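Chain by chain, the residues run as shown.
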Amino acid sequence: MKYTFSFLAVIALVLIAWLGSQIPGMQYLFGVAIPYLAIMIFLGGFVYRVVQWAKSPVPFSIPTTCGQGASLDFIKQDKLDCPTKTSEVVARMFLEIVTFRSLFRNTKSELHEGPKITYESSKWLWLFALIFHYSFLVVVIRHMRLFLNPVPAWLEFLDFLDAGAALQVGAPLLYATDLALVLGVVLLFGRRLVNRQVRYISLANDYFPLFLIFGIATTGILMRYFLRTNIDIISIKELLVGLVTFSPVFAAKIGSIFYIHLFLVSTLLIYFPFSKLMHLGGVFMSPTRNMANNSRAKRHINPWNDPTIKPHSYAGYEDEFREFMVDAGIPVEKELPPQKDE
Amino acid sequence: MALAKLEQLSKSVVQGPSLATGAVPTKDWMETPAIFKEGNFAYPAKKEKVEYLNSQAGLEFPNARIWSPDEDDWKLPENWQEIILNGLKERLGKFRSLKIFMDCCVRCGACADKCHFFLGTGDPKNMPVLRAELLRSIYRNDFTLAGKLFGKMAGAREMTVGVLKEWFMYSYQCTECRRCSVFCPYGIDTAEVTMMLRELLHLVGVGINWILEPASNSNRTGNHMGLQPHTFKDNVDFLAEDLETLTGVKINHSFNRKGAEVLFITPSADVFAEPGLYTAMGYLALFEQIGLDYTWSTYASEGGNFGLFTSNELMKKLNAKMYAEAKRLGVKYIIGGECGHMWRVIHQYMDTMNGPADFLEVPKSPLTGTVFNNAASTKMVHISEFTADLIRHGKIKLDPSRNSHVLPTYHDSCNPARAMGLMDEPRYILDHVVPKWVEMPENTIREQTFCCGSGTGLNTDEIMELRMRAGLPRANAVKHVIDKHDVNMLSCVCAIDRATLTSLMNYWNPGCGVCGLSELVGNALVMDNEKRAMGYDAEGNETELPEGFRTMV
Ligand code: SF4
Ligand code: SF4
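Residues numbered from 1 in each chain as written. Chains lettered and ligands numbered in written order. Predicted model: local features only at pLDDT ≥ 70, side-chain atom pairs only at ≥ 80, totals over all residues. Heavy atoms only, no water.

## A few points about the sheet that holds strand β7 (residues 513-516) of chain B
All names here are of chain B. The sheet built from three strands is open, its strands ordered β5-β6-β7 with parallel pairing. In this open sheet, the two strands that pair with only one neighbour each are β5 (408-411) and β7. Each neighbouring strand pair of the sheet contributes to a mean axis angle of 30°, computed without reference to strand direction. With four bridges connecting them, β5 and strand β6 (residues 489-492) associate as parallel partners. Looking at β6, one finds that Y410 is bridged to S491. Helix α22 (residues 517-524) rests against β5, β6 and β7 of the sheet, and its axis sits at about 80° to β7. (Pairing = 2+ DSSP bridges. Helix = DSSP H or I, 4+ residues; strand = E, 2+ residues; numbered from the N terminus. Axes fitted to C-alpha atoms, helices over the stretch in contact; angles between N-to-C directions. Contact = heavy atoms within 4.5 Å.)

## Points about the domain arrangement of chain B
Where interface size is given, it is often the accessible area lost as the parts come together that is meant. Residue and element names in this part refer to chain B. Domain annotation of chain B identifies domain 1 (25-207), domain 2 (221-392) and domain 3 (400-550). Contacts between domain 2 and domain 3 engage 38 residues on the former and 39 residues on the latter. When domain 2 packs against domain 3, close to 3,200 Å² is buried across both sides, 69% of that on carbon and sulfur atoms. Joining domain 2 to domain 3, the criterion identifies two salt bridges. (Domains from an automatic or database assignment. Buried area = accessible area lost by both parts, 1.4 Å probe. Salt bridge = Lys/Arg side-chain N within 4 Å of Asp/Glu carboxyl O.)

## Notes on the interface of chain A and chain B
In this assembly, 95 residues from chain A lie in contact with 129 residues from chain B. Surface buried jointly by chain A and chain B totals about 9,300 Å² across both partners, of which 58% is contributed by carbon and sulfur atoms. Residues D28 of chain B and K2 of chain A are paired through a salt bridge, measuring 2.7 Å at the closest nitrogen-oxygen approach. On inspection of chain A and its partner chain B, the count reaches 73 residue pairs in polar contact (both at pLDDT 80 or more). Per element, the largest residue contribution to the side of chain A that touches chain B is seven residues, and it comes from helix α13 (residues 314-328) of chain A. (Polar contact = N/O pair within 3.5 Å; in protein donor to acceptor, adjacent residues only side chain to side chain.)

## Notes on the site of ligand 2
Residue and element names in this part refer to chain B. Lining the immediate surroundings of ligand 2 are C115, H116, P128, R131, C174, T175, E176, C177, R178, C180, T190 and A191. Secondary structure elements with two or more residues in the shell around ligand 2: α6 (128-143) and α10 (190-203). Residue classes in the shell around ligand 2 are distributed as six nonpolar, three polar and three charged. (Near = heavy atom within 4 Å. Nonpolar A, V, L, I, M, F, W, Y, C, P; charged D, E, K, R; others polar.)

Here's what the structure looks like:
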């Protein structure tokens, strides 16, 4: 099974970090060197990939139109799904990226006796994807408190909201997004197994990031809620603030669970630019979504358009068919030559 | 191969072992080879057609030969693998779409059951995502770090003859309809992938005759049908005569006339075979009635462009005739007839490839004064835009009751819907030319419309079962409105549809006709000095043109 391999890979990563971080002196590797390397690879790789995409031109204007285009003044244009102006394209992209609009359209088709095909709205993927991506986003943002000293007020507020602090007593406060992230991963994984089509197309590299993120989330949760005594929040914060200010201070007493968590995050960062996770960047650059449908009103330029490709010329055409054309009374450019004896 | 009986196929699509109906194949798709047998492939291009195209300036169609997909040896060039990989590399550098689409798919499966080929065949490789994976797996292997490091584990595989055969099979089981692209969260358009696959295959001489023969005809004679100038003229003349018999109005039309205001170009199929002929009669009647100063061209006598289904170079070369002829004749702008893929080329490619058309003027309707700013640069207007504008301004008199013999529904052709956004002009026209019409279910129209199943040059008889399967989702939606509303006519604005939907209806929904929208316009049009012929309606009463232009007189 394809997911077995991915699962084992993540287990191996956990073991490496767990065992590795116990070896004296290796904390520096896991706590400083690898995270730095990971960040560098992530940033460098991400930029590299985007630049590589940008290097290839968009030769033709190929938006996928999903609504009525702008034409006559009494025909109502669907500005979101068939944009002509930049502002409309921006709106289309914004809703696509922020609300996953295309997934919202999703349908499920079924074949019945008859034959009869039915289509019904299917919003599960949309819902799962929203839960997953948004909780991931909030979790990432929340983590900034660990890097910033002092913690800005807006971040405190986000924290407050996420924990629904008003409703909870005791510490540590439970974050809604912690649960949602795990839930999101589990739902997406479940869908990969249950939906027969998706199961058939899934590759090891579709399961791997799910397991990896699951590992990251669970180690994070363990650290925060269950293994808290092992963890010295102050030392972690010192280390992380040190990392971002490029002056890592090293506190030796941090527990392994932290190193496992950090190592998995580092792996994710390293893996990111080389994988399908680059859809984060690609979604902004997809020509079928980010172009205006105005190619008849405004000329789109293809930098490699080949001016030497010419039509089969009219002259050549007339030369071949002149006799027939004259016979049929079709106007010609050159009259027939005077009759010669053969 | 004989086409399966309706009952057989009806059972087979629902009960046959397929991923669409619930059976999960036991073997991984990479382990499942493409097997060709009579009936599941379109015939390869004839040697002389390939040779002809290869001899044309700006085109490369190497490796002309006699071969067949069901033979083991495809007679590929010695270094075919190198050619393919270099070709892929070149295209990655030329098309950002290709790179993004190769890199960003997350295999979420949203596109999986959106493809009519998948719904009709249940073949997993007809899920758009897998169709793209056929290429993506090669891309990973040779162009990505992950693929190089982890190979098969990362979904990579080596380019082999087996893979090439698979490409051939599945890039000709995709009609480049873009329906998958509507549902993909990144807009991944498998049609783009199919185009690339087809281009790559042509590099090693793998192509089908039903595309390359019309394409070479179009290059030489000006149209896919291969009609030479006098024949093309004869065909139109016949239609004009028929029209005169039917309406009593003499039709004045011209060919290759310099100084006309408008050049009119439509797919040659419209002047070649039923039911397109009636659509062409509709154009003739409309232009006659409004007194449009226009000309047909025998040199640019093809609206369609099978180059779109072949390579961007061939598309450009064939398309270039339109502007060349407009320039030679000195017209002001061009009106284009009803056709799907033709309009994708005009709307999304023409100006880029063969513009700027600065020798033309921004189209302006001589009757209403409407300036078509949406075509300000290409200078080419769609007949439905032109007609809708006439109706809006009350410039033509229409009597919908003249169409009371039909109760149509409307099929959005893939390209006008998803590569142009032409959806409501035809509907506006329908509202005014028939007493009543109905929509098909919402998941099967507009941007979610289903392909006829035979687009992109797959309209060939040897793959009839495949076409009937692929057309099933469309046919099924039509059946729904037949059962519910007694629909008896499927109207559309596409010449390929007029041919393919006719076969499709005859198979799945016998009794339902197919027509172009302009036929209905022509039927309803009240012409000056008309004297309409009499015929017998279904009840045997003698009335004026009881079946419109289809009336036998
Ligand atoms: S919908 Fe898009 S991202 Fe999802 S599997 Fe299909 S092509 Fe890939
Ligand atoms: S473009 Fe159309 S035919 Fe091709 S894969 Fe997508 S849905 Fe299927």
